[in-house]
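Here's the letter readout for the chains.
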Amino acid sequence: MMGYTCELMAKAINANTLDMPLTAADKERFVTFLISEGYLDSADHAYRKNTGRGPAGLNGSDPYDFAALLQAGFANRIRSVVDGTGMAPMFQPVGGMDQFPKGFQRKLGDRITLNAEVVSIKQSADGVRVAYKNVKTGAMTEVSADYCVSCLPLTTLSRLNDVDLSPEMLAAAKATPYSPSAKIGLQMKRRFWEEDDRIFGGHLYSNLPVGDVAYPSWGYWGNKGIMLGFYGNGQMSGLVSKPVKERIEHVLTHVSKVHPQVRTEFETAYCTFWEKTPYSLGAFAAGGGGGAADRLAQLNKADGRIYIGCGATSGNGGWQEGAITAAYYQVKQLHERVMRTASQTARV
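The structure displayed is predicted, hence computed values, not measured ones.

**Q** I tried to follow the packing of helix α7 (residues 167–175) against helix α11 (residues 292–299) on my own but got confused; where do I start?
**A** Two quantities define a packed helix pair, namely the angle between the helix axes and the distance between the axes. Look at α7 against α11: their axes get within 9 Å of each other, and the N-to-C directions meet at 125°. Judged on the interaxial angle alone, α11 and α7 are oblique. You can see that α7 and α11 cross each other, and the crossing is left-handed. Between α7 and α11, the residues in contact are E168, M169, A172, A173 and A175 and R295, Q298 and L299, respectively. Counted by class, the contact of α7 with α11 contains five nonpolar, one polar and two charged residues.

Structure follows, in C-alpha cells:
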C-alpha cells in the first residue's frame, strides 16, 4: 500500500499535478523521499517486486494488485503512527506488565491486605468505615480511617449492597461502560509461525471472527510458544456464553484458515473473559458514551470523605497509565484538603 501510494504521489509531482506549490529543489527532495519510502524504481518511479517485501520479494513474486488491496479493505487496518497506545517504540517490562503492580507491592509490603473482599463502605461526618471479608477464612474485619480512596473497578463498587455514595456519584459509576474484551491464548508444541512462516512477533489482521491474533515478541526459536489466538469482543459469535472448550474450538477453526498447523501443533489453551471475572466484571472502563465529560467530572469529585481513584476516572481506563493518573489526582486532592483543614484549625 505504501509503495503504490508513493508511486502515485511521485508521478503526480513529475506531471506537475500536485496542488501544493513547491520549488523545483523541494520537488526533487520530495521525490527522493518517496523513492526511499515506497521502495520505488529510481528510474521510472514504479513500485515493483523488491527485497523489502520479505520472502515474497526474495523469490521474485510480483506485489499484490493495488485494486485488490483497496477492495480487500486491508489498508484500513494499517497506520504508520497509531493514536493511543500504538506509538513506536513500545517496550515491554521484563517478566510481563504485572511487574508494575508487583513493584508497588514490594515497596508497600505488609501494608497491603490480600484476599480481602470489600463488603461495605460507610461514611459519616467524622470518618469512613470499610468492612471486608477474608475470602479464604470468611472472617469479617472492619477498619476505620479519616478518608477512603476507592480503587475498586466501578463495576464492582456500584454493585456493593452497602456503600455510602451520593445518588449522583452512584449514577455516574453505574453509567460508566466497561469493555467486554476477552483473550484466548493458544499454546503450541512448536513455534511453527517462526519455523515455517518466518513470522517474528506482530499481528495477524483479518476479517475472521477472532479479533486480533498476535505472535509472541520474545523467546524466538524456543521449543514452544503461545499465540494470542483471540483478542476482541468476548460477546462475538456468542462466545461469552459458551463453554471454554467451545470457545477454544471456535478460535482453532478460524485461525487454522490462515495457519493450518494449529490443529496438529495445538497443546492447550487459556481463556480470560473479563466480564465474567469476579472483582473485574469487565476488561476496562471504555469511557465513551453520552455525557462522558460530565460523568468524569462527577467521578473526580470528593463524595463526602470518599474519593474514587480507579483508572476509569482518568478517561483512559484501559491502561495502567490511567490508573496511576487517577490515583495520583485523587491523592493530590485529598492532600490539599487535609492541608487546608490543618491550616484552618491552626488559625482557630
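**Q** Explain the packing of aromatic side chains to me, please; I cannot follow it from the model alone.
**A** Geometry of an aromatic ring pair is reported as the spacing of the ring centres plus the angle between the planes. On inspection of all chains with the given rule, the structure shows seven aromatic pairs. Between F192 and W193, the ring centres sit 5.1 Å apart and the planes meet at 80°, which makes this aromatic pair edge-to-face. Among the aromatic residues, those joined into a cluster by ring pairs are Y4, Y47 and F66. The ring of F273 is capped by R247, whose NZ or CZ atom sits 4.0 Å from the centre of that ring. The residue whose ring lies beneath R305 is Y147, and the NZ or CZ to ring-centre distance is 4.8 Å.

**Q** Sorry if this is basic, but what is going on with the packing of helix α1 (residues 2–14) against helix α2 (residues 24–38) here?
**A** Contact geometry for α1 and α2: axes closest at 9 Å, N-to-C directions at 160°. As summarised for this structure, α1 and α2 are arranged roughly antiparallel, according to the angle between their axes. Here the hand of the crossing between α1 and α2 comes out left-handed. In this structure, α1 uses M2, G3, C6, M9, A10, I13 and N14 to contact α2, whose residues at the interface are K27, F30, V31, L34, E37 and G38.

**Q** I would appreciate a short explanation of the nonpolar core in the present structure.
**A** Where a protein is soluble and globular, its nonpolar side chains tend to be buried together. M188, M227 and F230 are the most contacted members of the largest nonpolar core, which has 21 residues in total. Those elements that place two or more of their residues in this core are β6 (181–188), α8 (192–195), β9 (225–233) and α9 (244–255). Contact partners of F230, with chain neighbours within four places excluded, come to A182, K183, I184, P209, V210, D212, M236, L239 and V251.

The rules behind each value
Residues numbered from 1 in each chain as written. Predicted model: local features only at pLDDT ≥ 70, side-chain atom pairs only at ≥ 80, totals over all residues. Heavy atoms only, no water. Axes fitted to C-alpha atoms, helices over the stretch in contact; angles between N-to-C directions. Helix = DSSP H or I, 4+ residues; strand = E, 2+ residues; numbered from the N terminus. Parallel < 35°, antiparallel > 145°, perpendicular 65-115°, else oblique. Left-handed = near helix turned anticlockwise from the far one by under 90°. Contact = heavy atoms within 4.5 Å. Nonpolar A, V, L, I, M, F, W, Y, C, P; charged D, E, K, R; others polar. Phe/Tyr/Trp six-rings, centres within 6.5 Å; stacked < 30°, edge-to-face > 60°. Lys NZ or Arg CZ within 6 Å of the ring centre and 35° of its normal. Core = buried A, V, L, I, M, F, W, Y, C linked by side-chain atoms within 4.5 Å. Buried < 20%, exposed > 50% of the residue type's maximum accessible area, 1.4 Å probe, protein only.

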